[in-house]
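Residue-level listing of the chains:
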Amino acid sequence: MLSMTQMPVISLSSGDADALGQQLGSSFQAYGFATIVDHGLDPALVAKAWALTKTLFEQPESQKMSGFETALAGQRGYTPFKTEIAKGADFHDLKEFWHVGRDVSPDSPLAGSMLPNIWPDVPDFKETFQLLFAEMDKVGARILSSIARYLDLPASWFDPAIEDGNSILRLLHYPPIAGDAEGCIRAGAHEDINLITLLLGAEEAGLQILRPDGSWMDVSPPQGGLAVNVGDMLQRLTNNMLPSTTHRVVNPTGERSRFSRYSMPFFLHLRSDFPIATLPQCVNAQNPNLYPDPILADDYLRERLIEIGLLKA
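Residues numbered from 1 in each chain as written. Predicted model: local features only at pLDDT ≥ 70, side-chain atom pairs only at ≥ 80, totals over all residues. Heavy atoms only, no water.

A. Representation of the overall build of the chain within the structure. Along the backbone of the chain there are seven helices and 14 strands. In summary, the chain has a C-alpha radius of gyration of 19 Å against a globular reference of 20 Å for 313 residues, a match within 12%. For the chain, the spread of C-alpha atoms along the three principal axes comes to 55 × 50 × 40 Å. In the chain, which comprises 313 residues, the proportion classed as buried is 53%. Charged side chains in the chain number 24 positive and 38 negative. The centres of these two groups are separated by 3 Å. (Helix = DSSP H or I, 4+ residues; strand = E, 2+ residues; numbered from the N terminus. Rg over C-alpha atoms; globule rule 2.2 N^0.38 Å. Buried < 20%, exposed > 50% of the residue type's maximum accessible area, 1.4 Å probe, protein only. Lys, Arg positive; Asp, Glu negative; His and termini not counted. Charge placed at Lys NZ, Arg CZ, Asp CG, Glu CD.)

B. Quick look at the sheet that holds strand S10 (residues 226-230). Sheet architecture is open: eight strands sit in the order S1-S2-S10-S7-S12-S5-S4-S3, paired in mixed fashion. Each of the sheet's edge strands pairs with one partner strand only, and the pair in question is strand S1 (9-11) and strand S3 (77-79). Across the sheet, the axes of successive neighbouring strands diverge by a mean angle of 25°, strand direction being ignored. Here three bridges tie S3 to strand S4 (residues 96-101), and the two strands are oriented antiparallel to one another. Each residue of the ladder has a partner; that of Gly77, found in S4, is His99. Seen against the sheet, helix H2 (residues 43-57) touches S3, S4, strand S5 (168-174), strand S7 (196-200) and strand S12 (261-268) and runs at an angle of roughly 115° to S12. Helix H4 (residues 125-150) contacts strand S2 (33-37), S4, S5, S7, S10 and S12 of the sheet and is inclined by roughly 55° relative to S12. (Pairing = 2+ DSSP bridges. Axes fitted to C-alpha atoms, helices over the stretch in contact; angles between N-to-C directions. Contact = heavy atoms within 4.5 Å.)

C. Summary view of the packing of aromatic side chains. Tallying each qualifying case throughout the model produces seven aromatic pairs. Seen in terms of ring centroids, Trp98 and Phe125 are 6.4 Å apart; in terms of plane orientation they differ by 70°. Their pairing is edge-to-face. Highlighted residues: Trp98 in strand S4 and Phe125 in helix H4, separated in sequence by 27 residues. Each member of the pair, Trp98 as well as Phe125, carries the same accessibility label: buried. Both rings, one in Trp119 and one in Phe125, keep their centres 6.2 Å apart while their planes meet at 65°; by these two values the pair is edge-to-face. (Phe/Tyr/Trp six-rings, centres within 6.5 Å; stacked < 30°, edge-to-face > 60°.)

D. View of the sheet that holds strand S8 (residues 207-210). Pairing within the open sheet is antiparallel, and its four strands lie in the order S6-S11-S8-S9. Two strands lie at the open edges of the sheet, namely strand S6 (187-190) and strand S9 (216-218), each paired on one side alone. On average, adjacent strands in this sheet sit at an angle of 25° to one another, irrespective of strand direction. Judged from the two bridges that link them, S6 and strand S11 (residues 247-249) form a sheet pairing that is antiparallel. From the neighbouring strand, His190 faces S11, where its bridge partner is His247.

E. Spatial organisation of empty space enclosed by the protein. Throughout the structure, instances matching the rule amount to one cavity of 30 Å³ or more. Of the pockets and cavities examined, the largest cavity occupies roughly 30 Å³. Forming the walls of the largest cavity are Asn166, His269, Leu270, Arg271, Ser272, Ala297, Asp298 and Leu301. Classifying every residue of the lining of the largest cavity gives three nonpolar, three polar and two charged. (1 Å grid on protein atoms, 1.4 Å probe; cavity = no way out; pocket = protein on both sides within 12 Å on 5 of 7 lines; lining within 4 Å. Points joined across faces, edges and corners; volume = space filled by probe spheres on them. Nonpolar A, V, L, I, M, F, W, Y, C, P; charged D, E, K, R; others polar.)

F. Fine view of the pairing of S5. Counting buried positions along S5 yields seven of seven residues, so the element is predominantly enclosed. Here S5 shows a buried face lined by Ile168, Arg170, Leu172 and Tyr174 and a second buried face lined by Leu169, Leu171 and His173. Direction of pairing for S4 relative to S5: antiparallel, over a ladder of six bridges. The partner of Phe97 across the bridge, within S5, is Leu172. Inspection of the sheet shows S5 paired to S12 by five bridges, in the antiparallel sense. The residue bridging Leu169 from the neighbouring strand is Phe266, located in S12.

Now the structure itself:
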């Protein structure tokens, strides 16, 4: 069991696939999180994405709101400041965001659950984020291949499960904290809905995970690294063997409260029509099946979007 004081930093450049699977799986099992370097994302592409994200959120509110459509439940385009609320929370989050999803053909059988993207009037935005989406997709698939090994599954087990998955790249802006936040924090304590999340920008202080003893632990990967965490779908698939850990983003103090915080989580999802059914190797006499009834990934997503206030029941 790993210490709950210092999360190890894991390099994806390891040539030993089984050893990498053990490292990632052990970190996920202990923390629900892993910090990752040598992920292969192009630094120039990432730098351009950060610059475009800043440009996007510096637009006037009226311009950003042209990308907001209530009927989309926040799944594409713009979601205004203080719209999202963590499940069971009393206060809305101090953030605004823009969602980029997967482009699929209108005649795809998944088109009904894969909404068309909304693109802002920002030069190079569409091309840059389509490319970054594809690159994050590849890194996520590689991580899942390692996790499959850890779970004694074929290395390619997740490939058909995530092919054309309903994944989302979220561009997040936490504005400067103006005066008393009145009980609100940048992101209230929550768990992610999806399979795994790959987070760029977590080296900026604020991200914390909840330890089993109820205390909070700071998570801060090296500059340019990724924080990767288990989502509820993977937790359910593994019968809680890999936990979807509660996490939050707390408000900065002192001088840092005057600055914006930006991050880019890539929420890697299963295909909308994939049935989430507990893996048999994660069930035994000591750990009976907690989820005996399979559920389609899209049905599960809809349930959770209602809980966090983005979709009306």
